[in-house]
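What follows is the residue order along each chain.
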Amino acid sequence: MTLLAVHRLGVGGVSPDAPVLHADDEGFLRGRAVFETIRVYGGSPFRLDAHLARLGASAARVGLPEPDVAGFAAAATEAIEAGGQADATLRLLWTSGREGSGAPTGLVLVSSLPVGLDDLRARGLRLATVQWFPGTLAGAKSTSYAENMAAVDEAMRRGCDDALLVGPDGTVLEAPTSNVWFREDDRLLTPSLALPLLAGVTRAAVLELAPEAGYEVEEGTFELERVLDADEVFLTSSVREVMPAASIDGQPVELGPAAEALQRGLRGLAGYPGQG
Ligand SMILES: Cc1ncc(COP(=O)(O)O)c(C=O)c1O
């Protein structure tokens with residue numbers, strides 16, 4: 001991804017090459033910051049209101065002041081325009097600001113989309129299970145993602161593309177930056193939000209789309225064995241959208257019709273009918 005545009009709340013657009021944070025910003029010093037990653041389709045951020053609501057909920061969990069929602073919405077519009085790409089990645093960051101200042105920092109970043117997503121969708125992800133001990137902030141989208149990235153690194157060391165996070169009791173939770181789904185015949189199953197995982201905006205969209213695609217949905221607590229026996233497994237997230245899995249720990253998984261139909265449906269919701 002290439003950074004195309006940056007906007008600092010209260011300052012305005014700044015060059016992507018210019019420094020925007022002080023060295024004692026607590027977001028940097030201690031990871032006391034929250035963020036959102038949003039897919040931009042045809043110049044419009046997908047479900048911006050849901051992302052802003054989640055930013056507010058994450059901020060409350062981490063003990064940050066309430067984000068400036070109107071400021072973020074206006075800055076997002078300006079930054080997307082400045083980025084100059086109709087299809088892009090939009091990130092919102094809200095940090096607690098300089099140490100002791102009590103003045104939060106808001107940043108909006110627009111980047112190009114990662115390359116190769118459609119190829120990856122056609123090939124399917126190789127997933128590696130990684131044991132996961134959720135922290136007390138699980139479910140908040142804080143920038144303290146070093147553990148999530150370490151899980152991806154471990155999956156990559158094992159020749160895979162991404163991690164499937166499994167709790168110490170064998171319960172499947174999510175992936176480091178996605179929610180997880182599996183299919184048994186015409187039922188789609190996904191870990192419940194009562195578990196320590198993030199309430200994905202894409203997950204919510206897929207819950208809406210599933211009945212029209214002909215699937216019933218069950219949210220619950222599922223053991224890894226059940227996922228390994230599934231007819232189809234896929235991840236959902238804002239940037240990678242609906243991304244099928246082709247294997248888990250080297251055991252092949254069929255790419256299936258549900259992921260394909262839901263990816264099409266998601267593009268339809270985003271105003272991109274026929275694509276996906
Ligand atoms: C831990 C985690 N789970 C799930 C998701 C998917 O959320 P969304 O669909 O809102 O992108 C993300 C997104 O980054 C995430 O970080």
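Residues numbered from 1 in each chain as written. Predicted model: local features only at pLDDT ≥ 70, side-chain atom pairs only at ≥ 80, totals over all residues. Heavy atoms only, no water.

### Details of the pairing of strand E6 (residues 105–111)
Inference 1: Most of E6 is tucked away, with seven of its seven residues classed as buried.
Inference 2: The alternating pattern of E6 places Thr105, Leu107, Leu109 and Ser111 and Gly106, Val108 and Val110 on opposite faces, both of which are buried.
Inference 3: Of the pairings in the sheet, the one linking strand E5 (residues 88–95) to E6 comprises seven bridges and is antiparallel in character. What sits directly across from Leu93, in E6, is Leu107. (Buried < 20%, exposed > 50% of the residue type's maximum accessible area, 1.4 Å probe, protein only. Helix = DSSP H or I, 4+ residues; strand = E, 2+ residues; numbered from the N terminus. Pairing = 2+ DSSP bridges.)

### A word on the nonpolar core
Inference 1: Core analysis: the biggest nonpolar cluster contains 23 residues, and Leu127, Leu164, Val172, Phe182, Val233 and Ile248 have the highest contact counts within it.
Inference 2: Those elements that provide at least two residues to this core are helix H4 (117–123), strand E7 (125–131), strand E8 (162–166), strand E10 (179–184), helix H7 (224–228), strand E13 (232–237) and strand E14 (241–248).
Inference 3: Broken down by element, the residue count for this core peaks at three residues, all from E14.
Inference 4: When near neighbours in sequence (up to four residues on either side) are disregarded, Val233 contacts Val180, Trp181, Phe182, Val227, Pro244, Ala245, Ile248 and Val253.
Inference 5: Within the second largest apolar cluster, 22 residues are counted, among which are Ala5, Leu48, Ala88 and Trp94. (Core = buried A, V, L, I, M, F, W, Y, C linked by side-chain atoms within 4.5 Å. Contact = heavy atoms within 4.5 Å.)

### Quick notes on the site of the ligand
Inference 1: Near the ligand, the surroundings consist of 17 residues, among which Lys141, Tyr145, Glu174, Thr202 and Ser238 are the closest.
Inference 2: Glu174 has a polar side-chain atom sitting 2.7 Å from a nitrogen atom of the ligand.
Inference 3: Within the side chain of Thr202, one N or O atom sits 2.6 Å away from an oxygen atom of the ligand.
Inference 4: In isolation the ligand has 390 Å² of accessible area, and contact with the protein removes 96% of it.
Inference 5: Counting residues per element, the ones that place at least two in the shell around the ligand are helix H2 (48–62), helix H6 (201–209) and E13.
Inference 6: A per-class count over the shell around the ligand returns five nonpolar, nine polar and three charged. (Near = heavy atom within 4 Å. Polar contact = N/O pair within 3.5 Å; in protein donor to acceptor, adjacent residues only side chain to side chain. Areas by Shrake-Rupley, 256 points an atom, 1.4 Å probe, with all protein chains shown as cover. Nonpolar A, V, L, I, M, F, W, Y, C, P; charged D, E, K, R; others polar.)

### A closer look at helix H5 (residues 146–157)
Inference 1: If you check H5, its first and last C-alpha atoms are 16 Å apart, about what twelve residues at 1.5 Å a residue would give, namely 16 Å.
Inference 2: Of the residues making up H5, those classed as buried are Asn148, Ala151, Val152 and Ala155. Projected down its long axis, H5 carries its buried residues within an arc of 100 degrees, all on one side. Across from the buried face of H5, at angles greater than 90 degrees, the exposed residues are Ala146, Glu147 and Arg157.
Inference 3: The elements touched by buried residues of H5 are E7 and E8.
Inference 4: Looking one or two residues beyond H5, the residue adopting positive phi is Gly159, at roughly 80 degrees. (Expected span 1.5 Å × (residues − 1). Arc of directions from axis to C-beta.)

### Remarks on the sheet that holds E5
Inference 1: The six strands are arranged E2-E1-E6-E5-E3-E4 in an open sheet whose pairing can be described as antiparallel. The sheet terminates laterally at strand E2 (12–14) and strand E4 (44–45), the two strands that pair on one side only.
Inference 2: Strands strand E3 (33–41), E4 and E5 of the sheet are contacted by H2, whose axis makes an angle of about 170 degrees with E3. (Axes fitted to C-alpha atoms, helices over the stretch in contact; angles between N-to-C directions.)

### Here we look at the packing of H2 against helix H3 (residues 69–83)
Inference 1: Relative orientation of the contacting elements H2 and H3 amounts to 135 degrees, with a least axis distance of 11 Å. Compared by their axis directions, H2 and H3 come out oblique. At the point where H2 passes H3, the crossing takes the right-handed sense. Residues Leu48, Leu52 and Leu55 of H2 touch H3, and the partners they reach there are Val69, Phe72 and Ala73.
Inference 2: When the residues that make up the contact of H2 with H3 are grouped by side-chain class, the tally is six nonpolar, no polar and no charged. (Parallel < 35°, antiparallel > 145°, perpendicular 65-115°, else oblique. Left-handed = near helix turned anticlockwise from the far one by under 90°.)

### Section: the domain arrangement of the protein
Inference 1: Taken domain by domain, the protein consists of domain 1 (3–111) and domain 2 (117–269).
Inference 2: For domain 1 versus domain 2, the separation of C-alpha centres amounts to 26 Å.
Inference 3: If you look at the interface, domain 1 gives 21 residues, while domain 2 gives 23 residues.
Inference 4: Across the domain 1/domain 2 interface, buried area totals approximately 1,700 Å², and carbon plus sulfur atoms make up 56% of it.
Inference 5: Counting the surface domain 1 buries against domain 2, the share from its top three residues, Phe35, Arg54 and Arg61, is 32%.
Inference 6: Between domain 1 and domain 2 we count two salt bridges in total.
Inference 7: Among the ionic pairs, Arg47 bridges to Glu208, the shortest N-O distance being 3.0 Å.
Inference 8: Counting across the interface, domain 1 meets domain 2 through twelve residue pairs in polar contact (both at pLDDT 80 or more).
Inference 9: Broken down by secondary-structure element, the contributors of at least two residues to the side of domain 1 that touches domain 2 are helix H1 (26–30), E3, H2 and E5.
Inference 10: When residues of the side of domain 1 that touches domain 2 are assigned to their parent elements, the largest contribution, eight residues, is made by E3.
Inference 11: A class-by-class count of the residues in the side of domain 1 that touches domain 2 yields nine nonpolar, six polar and six charged. (Domains from an automatic or database assignment. Buried area = accessible area lost by both parts, 1.4 Å probe. Salt bridge = Lys/Arg side-chain N within 4 Å of Asp/Glu carboxyl O.)

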